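Architecture at a glance
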Amino acid sequence: MSRKRGLLAAVLACAGLAAGTVPALGTGNGDAWRPCPAKRTAQCATVRVPVDWSRPDGPSIRLDVARKPAKRPAQRLGTLVVNYGGPGEHDVGELLDEDDGPLERLRDHFDLVALNTRNVHVKCGARLVAMADQMPVVLVDQRAHRTRVAYNRALAASCRTHSGGLFGHVDSRAMARDVDAVRAFLGEPRISFLGISYGTVIGGAYAQYHPTRLRALVLDSTLDHSLDAAAFTRDTAAAMEETFQAAAQWCATSTSCAQHGHSPRAISAGIRRLFTAAEENRLADAEGRPVSVDALLWGNLSLQQSSESSWPAMFEEWDDYTVLHTPPRTRPAWPALPGDPGPATEEAETALLCADWHTGNDTHRQAARMWAISKKAAPSVFGNRMHLERAARCAGWPAPVTYPQQPLRAAGAPPALVVNARYDVSTPLTQARSTTTQLPGARLLTYEGAGHSVHLRLGSPCVRTAVERYLTTLRLPRSGATCPSTDHPPR
């Protein structure tokens, strides 16, 4: 068991629950704070919320909550609620696990609070969950599309069986309501909120539906929930291409790069040749086995969440591939759908993603259009594996999109601080810019490097200072403010 899972189990044990079970339903707002078993200096509790917020007196679930009290009560400014993203991370474990990171510096002025979002209680068929990574991602082939849709529908049916009414109520708007229930449980008239990655969707929803209950809002590595499927596909693919081109520029001038001596244009042509061969079923690995576009997108070439220091590894794998003159006669084979032996947590959080987004690939024709958009926006690397995979999960998903894409309307919310890296393929800078324009008075701070989760993970003193200054004084950076990169690949 990982340290994070161990902390989660301890928190659940404190609440009288077994890890991996849905808590008993009941009424009431929450129980009393008690020391967390895994960290006695922190406090743990559970808060009851309705399964369906339109039926507040209906069935409920209990959400685990953890609090680290402010170290200097005389200087306390309130509560900072943190959502670590994922989507659907076990945020209580994340908060308890962090002893000396950037958030700890904020404890002079804030109680730090995290809650496990409701979708961690969604359970699905264990065998279906285990085979998710074996399913096709690029759905341009009709057989691949049929295979993925069949899998998605079987998974959804198993989730509905094992999760009951909760299955249809796991979108980010419901989670924003949950955050406000925690605010009421804390007795705070207003809270500050830090949303990271997918937590920015939840933070945006909170700003939209509870604007006057926010003291401050930080969105770190931002997704724009207003973009339709085509725009989102184009945007994320373009971010992948831009990051690859930055890496190619470095490679062309660095003696430590495996492709040193080639121009950026030649490097781009070389990677495009690999992707074209994979799409035509003419790419093989060092053992002679076929390499699909799915597999190529998934490898180091994906650049997912990487900083500049990881760029050298991306280029080293080129020598592992062989382009064949003619494709083999074999076609990709996907495993048969298994029976359902019992429930398991669905770590990919498909139910949440498919409740929040129209992904535009329910039919084969739609999926083929999305792939064409992706390739056009990323002519060298063909697309963004993370977001193509997330979209593939929702193809034919037999449940409604209950919190579809929409512009943020947050009149009455405080001016927000939006933070993003220039090269972030998980949450593109373009989406941070567009989200900033939707929030009244918001400011964007750009980290001039590569990576994801800028404040917590990239170690920029400049970003850390700006975030701390905003949260403590509500003073925003100047318009157009930037912070230099703190991570550089070898020369």
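Model, not experiment: these values are computed from the prediction.

Thresholds applied
Residues numbered from 1 in each chain as written. Predicted model: local features only at pLDDT ≥ 70, side-chain atom pairs only at ≥ 80, totals over all residues. Heavy atoms only, no water. Salt bridge = Lys/Arg side-chain N within 4 Å of Asp/Glu carboxyl O. Helix = DSSP H or I, 4+ residues; strand = E, 2+ residues; numbered from the N terminus. Buried < 20%, exposed > 50% of the residue type's maximum accessible area, 1.4 Å probe, protein only. Pairing = 2+ DSSP bridges. Axes fitted to C-alpha atoms, helices over the stretch in contact; angles between N-to-C directions. Disulfide = S-S within 2.5 Å. Left-handed = near helix turned anticlockwise from the far one by under 90°. Contact = heavy atoms within 4.5 Å. Nonpolar A, V, L, I, M, F, W, Y, C, P; charged D, E, K, R; others polar.

1. Brief notes about the pattern of salt bridges
Per the counting criterion, the structure on display carries 19 salt bridges. A salt bridge links Glu188 to Arg76; the nearest nitrogen and oxygen atoms lie 2.4 Å apart. On the criterion of sequence distance, the pair formed by Glu188 in the loop between α6 (172–186) and β7 (191–196) and Arg76 in the loop between β3 (60–68) and β4 (78–83) is long-range, its members being 112 residues apart. Since its relative accessible area comes to 12%, Glu188 is described here as buried. The structure contains a network of salt bridges with shared partners spanning Lys68, Lys71, Glu104 and Arg107.

2. Digging into the sheet that holds strand β8 (residues 214–220)
Pairing is mixed across the open sheet formed by ten strands, whose spatial order is β1-β2-β3-β5-β4-β7-β8-β12-β13-β14. The sheet terminates laterally at β1 (34–36) and β14 (482–484), the two strands that pair on one side only. Looking at each pair of strands side by side, their axes are set apart by 25° on average, direction ignored.

3. Observations concerning the state of the cysteines
Within the structure shown, the criterion is met by five disulfides. Disulfide partner of Cys354: Cys394, at an S-S distance of 2.1 Å. Where Cys354 bonds to Cys394 through sulfur, the torsion about that S-S bond is close to -95°, and the disulfide is left-handed. In this pair, Cys354 is assigned in helix α12 (residues 350–356) and Cys394 in the loop between α14 (385–393) and β12 (417–423), connecting sequence segments 40 residues apart. Cys394 matches Cys354 in its accessibility class, with the two residues each being buried. Covalently, Cys462 is tied to Cys483 through a disulfide, its sulfur atoms 1.9 Å apart. Of note, the bridge from Cys462 to Cys483 carries an S-S torsion of about -70° and is left-handed in sense. One end of the pair, Cys462, is in helix α17 (residues 461–473); the other, Cys483, is in strand β14, with 21 residues separating them in the sequence.

4. Topic: the packing of helix α8 (residues 229–253) against helix α13 (residues 364–377)
Closest axis-to-axis distance for the α8/α13 pair is 8 Å, and the angle between their directions is 30°. Along this stretch, α8 crosses α13, giving a crossing that reads as right-handed. Along its contact with α8, which presents Ala229, Ala230, Thr233, Arg234, Ala237, Ala238 and Glu241, the element α13 presents Arg369, Met370, Ile373, Ser374 and Ala377. For the contact of α8 with α13, the per-class residue count stands at seven nonpolar, two polar and three charged.

5. Details of helix α7 (residues 199–209)
α7 sits mainly inside the fold: ten of its eleven residues count as buried. Of all the positions in α7, only Gly199, Thr200, Val201, Ile202, Gly203, Gly204, Ala205, Tyr206, Ala207 and Gln208 are classed as buried. Residues of α7 that are buried sit in contact with β4, α6, β7, β8 and α12.

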